[in-house]
Amino acid sequence: MEWQPDEQGLQQVLQLLKDSQSPNTTTQRAVQQKLEQLNQFPDFNNYLIFVLTRLKTEDEPTRSLSGLILKNNVKAHYQNFPSAVADFIKQECLNNIGDPSPLIRATIGILITTIASKGELQTWPELLPQLCNLLNSEDYNTCEGSFGALQKICEDSSELLDSDALNRPLNIMIPKFLQFFKHCSPKIRSHAIACVNQFIIGRAQALMDNIDTFIESLFALAADEDSEVRKNVCRALVMLLEVRIDRLIPHMHSIIQYMLQRTQDPDENVALEACEFWLTLAEQPICKEVLSGHLVQLIPILVNGMKYSEIDIILLKGDVEEDEAVPDSEQDIKPRFHKSRTVTLQHEGGEGEEDEDIDEDDDDDDDDTLSDWNLRKCSAAALDVLANVFRDELLPHLLPLLKGLLFHPDWVIKESGILVLGAIAEGCMQGMVPYLPELIPHLIQCLCDKKALVRSIACWTLSRYAHWVVSQPPDSHLKPLMTELLKRILDGNKRVQEAACSAFATLEEEACTELVPYLSFILDTLVFAFGKYQHKNLLILYDAIGTLADSVGHHLNQPEYIQKLMPPLIAKWNELKDEDKDLFPLLECLSSVATALQSGFLPYCEPVYQRCVTLVQKTLAQAMMYNQHPDQYEAPDKDFMIVALDLLSGLAEGLGGHVEQLVARSNIMTLLFQCMQDSMPEVRQSSFALLGDLTKACFPHVKPCIAEFMPILGLNLNPEFISVCNNATWAIGEISMQMGAEMQPYVGMVLPHLVEIINRPNTPKTLLENTAITIGRLGYVCPQEVAPQLQQFIRPWCTSLRNIRDNEEKDSAFRGICMMIGVNPGGVVQDFIFFCDAVASWVNPKDDLRDMFYKILHGFKDQVGEDNWQQFSEQFPPLLKERLSACYGV
């Protein structure tokens, strides 16, 4: 007997569905309670499917809603459905996938894929064959409904479909889908391509076997009159470019021609998909070769796509000039992620380089609030990457256009010209240099444009040329740019404030101490902005202040500057509660300020220090409660602890020995012991950075804990967590320098790991350098223990330290290597040329270190004899030969 609803029950369910469409919150709450009650009845779900599939007299929104409630029930507790209920639902879905209403078909499709993704693809073996069978139906609705469901299943379960678990259904499905590329209905053609597209990136075998048919079928649809079909064709070609470029190369010329047309498609969604093609092509090695002949067509198309559309301008409130008094809505404020402290070394020819885990975030263009990807952003991104591929070869196609854009009377066109100029800044810098002396003043003038969107894009583009501006005499461009940017920081428009603050932070990084003469003026502006800004821009302002402190360093430590800057920062600090996330950027900012001010920060350090310790303590306590009773307590947000540890590091680094009395009066060492064992890598990473900084600043407080700390440090020498391992390694080196010969009992628990890491292939540069420094320092304090291993690490040791600038860390590490060579000269013989090269990397070592190098080099030369030395030094590159004979007479 087939299940039949009870009339009274059915009326009850229908009433519930009607009520749930009411906007009244009290009614909504009653509906939720009623739903929970009804879910106790096993056949409640039968009623829901019955309303969806059988009650054709009801209105569609009600029927669809019934299906969506059922879908949520399937999601939440499908495993508890009695099998009779589950079977009834499945059978109803398959029998009604061809409902005349598109809304009902789509709802049934969603329901089917939700059941399928609950592990039911395996236990519902008739599903795929039946859906594929229904595709052959003469009835359009049945064919479309089945395809809709199949497309959702392909999206949700593409990996499973291509596995042995299901007996490889794709071998039948893909050829079947390909047949429908020629179907007379555009909706069906579109479904068919969308289904196959799910399997490109995963390189499903069944698709690879039919790849040529697939590509031919796509070409046949190139000029399809339906925009959804054209969009799916473009999407397929973009993915094939990544996965099977070999099959596209023979047709590349015509594909490019096609994509040039599509990038100008009247339907913006098609144009956007097509525009992705240029972004993807730019990453392929063949880009230059296949595209250079087409630049003359492509560049004007991309430039044209970079204009704001009318809808963008409406969404961006492009006509609203002054909105600084309007509070921000909280959902506009993106969550900020704190980047934990990583200890890096200074390199030749530049500041500490950050590599590997670098966050390249200078590409967020000016309009990140419209964070949805659109044609303007995609065109700008494509122009940016192509500029990096073609460099100055792009300019002959661009410069003639630029002139017309930059001086255009229509602000929308002028704005797009300024964006173009910013997009090519990185790739075409060399070729742009001759034009910059007249372009930069024009851009600075655009900072005063009457349209806010022009002012904000001018901020961004100028920041992209900051490096060049700073390389010129300050009076020519730096001073006028800075003056205007500071005015924009106080603009009446929030978007301009934001763009100006970000641009100013970039300028600070480039200009560094060039800004010192203007500090008073800069601080006045930034402090004034404090009282003016709404929530979102305040967070960017903290960043601009922190970057200023990083850039000018100790020059900030003047009473008049401290007097301007500290009171508003401390006022904010006192205003914020311990659980307010705005503390993150403020703590990061204060950390930079403390490091820059050094002793100048002393009057403010006590409350800041105390609060950081409290934040760590609170978070640890909350984590402990949560671990013991996860049902009663919430998990803490450990970012509070991480940021606090990093600010403590900043204080220890800035205040040096002055931090001693603060540490003495707190339980920070006990807390640190817990943080170093936290399950979250970022917490451990920041703990080890702080341990190293406290070791340098006030070792007497660290020393009593060394016996407990060292085994934990040893455990964390695991390169799976690069940054944790890096900071632990650095801390061990700092501890060695303080412990001296007392380090001896701990060498065994760390040295084997360090030797293994320095010999691992693909170890990031920063970690290699810190590992080499620490091995050298261990050898310096315990040469007898480390020297026997010399041969196992000398070669990677030398190669990783040759690019480091002369500094204290390098000095102590090289003293260690020299002492170990004294103990075990045989350990270096095979790799002596690497040692020579590393010695030559020193610009001016201290006299006693130079003597050590001299003795080792001459000792080796005397040992092997004049003739052998001649032969040996023949292998030296000319530069190395020259340096060694000039500095050491060998």
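Report on the accompanying structure. Note that the coordinates shown come from a computational prediction; the quantities given were computed from them, not determined experimentally. In this numbering scheme, every chain counts its residues from 1 along its sequence in written order. For a predicted model such as this one, the threshold for reporting local features is a pLDDT of at least 70, and the threshold for listing and counting side-chain atom pairs is 80 or more; totals across whole chains, interfaces and linings nevertheless cover every residue. Excluding hydrogens and water, the side-chain values take into account all heavy atoms of the structure.

Looking now at the overall build of the chain. Helix and strand definitions here come from DSSP, where helices need a minimum of 4 consecutive H or I residues and strands a minimum of 2 consecutive E residues; each element is numbered from the N-terminal end. The helix and strand inventory of the chain stands at 49 helices and two strands. For the chain, the C-alpha atoms occupy an extent of roughly 100 × 70 × 65 Å along the three principal directions. Counting all 890 residues of the chain, 57% fall into the buried class. For the chain, restricting intrachain contacts to residue pairs at least 6 apart in sequence, the fraction spanning at least 24 positions comes to 75%. Throughout, the Shrake-Rupley method with a 1.4 Å probe supplies accessible areas, and for residues the shown protein chains are the sole cover considered. Total accessible area on the chain is roughly 38700 Å²; 52% of this is exposed by carbon and sulfur atoms. A simple rule labels every residue: compare its accessible area, found with a 1.4 Å probe on the protein chains alone, to the largest value its type can have, and call it buried under 20%, exposed over 50%, or partly exposed in between. A contact between two residues is defined here by any heavy atoms of the two lying within 4.5 Å.

Together, Glu-509, Glu-510, Asp-543 and Asp-550 make up a region of like negative charge exposed at the surface. Position of Glu-509 relative to the elements: it lies in helix α29 (residues 494-511). Given the relative accessible area of 53%, Glu-509 is considered exposed. Two distance rules govern patches: like charges are joined within 9 Å, and nonpolar side chains (Val, Leu, Ile, Met, Phe, Trp, Tyr) within 5 Å, applied only to residues with over 30% relative accessible area and no salt bridge. By definition here, a salt bridge exists when the distance from a side-chain nitrogen of Lys or Arg to a carboxyl oxygen of Asp or Glu is within 4 Å. Two residue types count as positive, namely Lys and Arg, and two as negative, namely Asp and Glu; His and chain ends fall outside the count. Lys charges are placed at NZ, Arg charges at CZ, Asp charges at CG and Glu charges at CD.

Here a cavity is any set of points on a 1 Å grid over the protein atoms alone where a 1.4 Å probe fits but cannot get out, and a pocket is any open set with protein on both sides within 12 Å along at least 5 of 7 lines; a residue lines the site when it has an atom within 4 Å of a point. Grid points are joined across faces, edges and corners, and a volume is the space filled by probe spheres set on the points. Roughly 540 Å³ of internal volume is contained in the second largest pocket. Of all the secondary-structure elements, those providing two or more residues to the lining of the second largest pocket are α26 (452-464), α29 and α31 (535-552). In terms of residues, the lining of the second largest pocket owes the most to one element, α29, which gives three residues. Tallied by class, the residues present in the lining of the second largest pocket amount to eight nonpolar, five polar and eight charged. Ten residue types, Ala, Val, Leu, Ile, Met, Phe, Trp, Tyr, Cys and Pro, are classed as nonpolar, four, Asp, Glu, Lys and Arg, as charged, and the remainder, Gly among them, as polar.

One way to put it is that helix α34 (residues 602-628) packs onto helix α35 (residues 639-655) with a least axis distance of 9 Å and a crossing angle of 150°. Considering their axes alone, α34 and α35 lie roughly antiparallel with respect to each other. In this structure, the crossing between α34 and α35 has a hand that is left-handed. Side by side, α34 and α35 meet where Leu-602, Cys-605, Val-608, Tyr-609, Cys-612, Leu-615, Val-616, Thr-619 and Leu-620 of the first sit next to Phe-640, Met-641, Ala-644, Leu-645, Leu-647, Leu-648, Leu-651 and Leu-655 of the second. Where helices are involved, their axes are fitted lines through C-alpha atoms of the stretch in contact, as for all axes, and angles between N-to-C directions lie from 0 to 180°. Here is the rule for angles: anything less than 35 degrees is roughly parallel, anything more than 145 is roughly antiparallel, 65 through 115 is roughly perpendicular, and the remaining ranges are oblique. Here a crossing is taken to be left-handed if its near helix is turned anticlockwise relative to the far helix by less than a right angle, and right-handed if that turn runs clockwise.

The next subject is the environment of Pro-474. The residue Pro-474 is located in the loop between α27 (466-471) and α28 (478-489) in this model. Under the relative-accessibility criterion, Pro-474 is labelled partly exposed at 32%. Along the primary structure Pro-474 and Leu-515 are separated by 41 residues, whereas in three dimensions their C-alpha atoms are 9.5 Å apart. Every residue in contact with Pro-474, bar those within four places of it in the chain, is listed here: Lys-479, Pro-480, Glu-514 and Tyr-518.

Right, let's talk about the nonpolar core for a bit. Soluble globular proteins tend to bury their nonpolar side chains together. Ranked by size, the top nonpolar core spans 319 residues in total, and within it Phe-214, Trp-278, Phe-601 and Trp-797 carry the most contacts. Contacts of Phe-214, omitting those with residues within four sequence positions, involve Leu-178, Phe-181, Val-196, Asn-197, Ile-200, Leu-207, Ala-236 and Leu-240. What makes a nonpolar core is a set of buried Ala, Val, Leu, Ile, Met, Phe, Trp, Tyr and Cys residues whose side-chain atoms join them at distances within 4.5 Å.

Glancing now at the side chain of Lys-451. Secondary-structure assignment places Lys-451 in the loop between α25 (436-446) and α26. We classify Lys-451 as buried; its relative accessible area is 14%. If we ignore the near neighbours within four places in the chain, the residues touching Lys-451 are Gly-318, Asp-319, Glu-321 and Trp-411.

The next point concerns the environment of Asp-156. Mapped onto the elements, Asp-156 comes out in helix α8 (residues 140-156). Judged by relative accessible area, which is 48%, Asp-156 ranks as partly exposed. Among the polar contacts made by the side chain of Asp-156, one reaches the side chain of Thr-113 at a distance of 2.7 Å. Each polar contact in these results corresponds to two N or O atoms within 3.5 Å; when the atoms are within protein, one needs to be able to donate a hydrogen and the other to accept it, and residues that are neighboring in sequence are counted only if both atoms are side-chain atoms.

Our focus in this paragraph is unusual backbone geometry. Of note in this structure, Arg-203 is not a glycine but carries a positive phi near 50°. Counting through the fold element by element, Arg-203 comes out in the loop between α11 (186-197) and α12 (205-209). At Asn-762, a residue that is not glycine, the phi angle is positive and equals roughly 65°. Here Asn-762 is to be found in the loop between α41 (747-758) and α42 (765-781).

All right, on to the pattern of salt bridges then. All told, the structure shown has 43 salt bridges when counted by the stated rule. Among the salt bridges present, the one from Glu-484 reaches Lys-487, with a minimum N-O distance of 2.9 Å. In this pair, Glu-484 and Lys-487 are both assigned in helix α28, three residues apart and thus about one turn of the helix distant. For Lys-487, a relative accessible area of 43% corresponds to the partly exposed category. Between Asp-578 and Arg-611 there is a salt bridge whose closest N-O contact spans 2.8 Å. Here Arg-611 lies in helix α34 and Asp-578 lies in the loop between α32 (559-575) and α33 (583-597), a separation of 33 residues in the sequence. Overall, Arg-611 belongs to the buried group, its relative accessible area being 13%. Taken together, the salt bridges that share partners define one network made up of Arg-455, Glu-484, Lys-487, Arg-488 and Asp-491.

Moving on, we get to the packing of α32 against α34. It is the contact of α32 with α34, at a shortest axis distance of 12 Å, that shows an interaxial angle of 30°. By the criterion of interaxial angle, the relationship of α32 to α34 is roughly parallel. The chirality of how α32 crosses α34 is left-handed. In contact with Ile-562, Gln-563, Met-566, Ile-570 and Trp-573 of α32, α34 contributes Tyr-604, Pro-607, Val-608 and Arg-611. The residue inventory of the contact of α32 with α34, partitioned by class, reads seven nonpolar, one polar and one charged.

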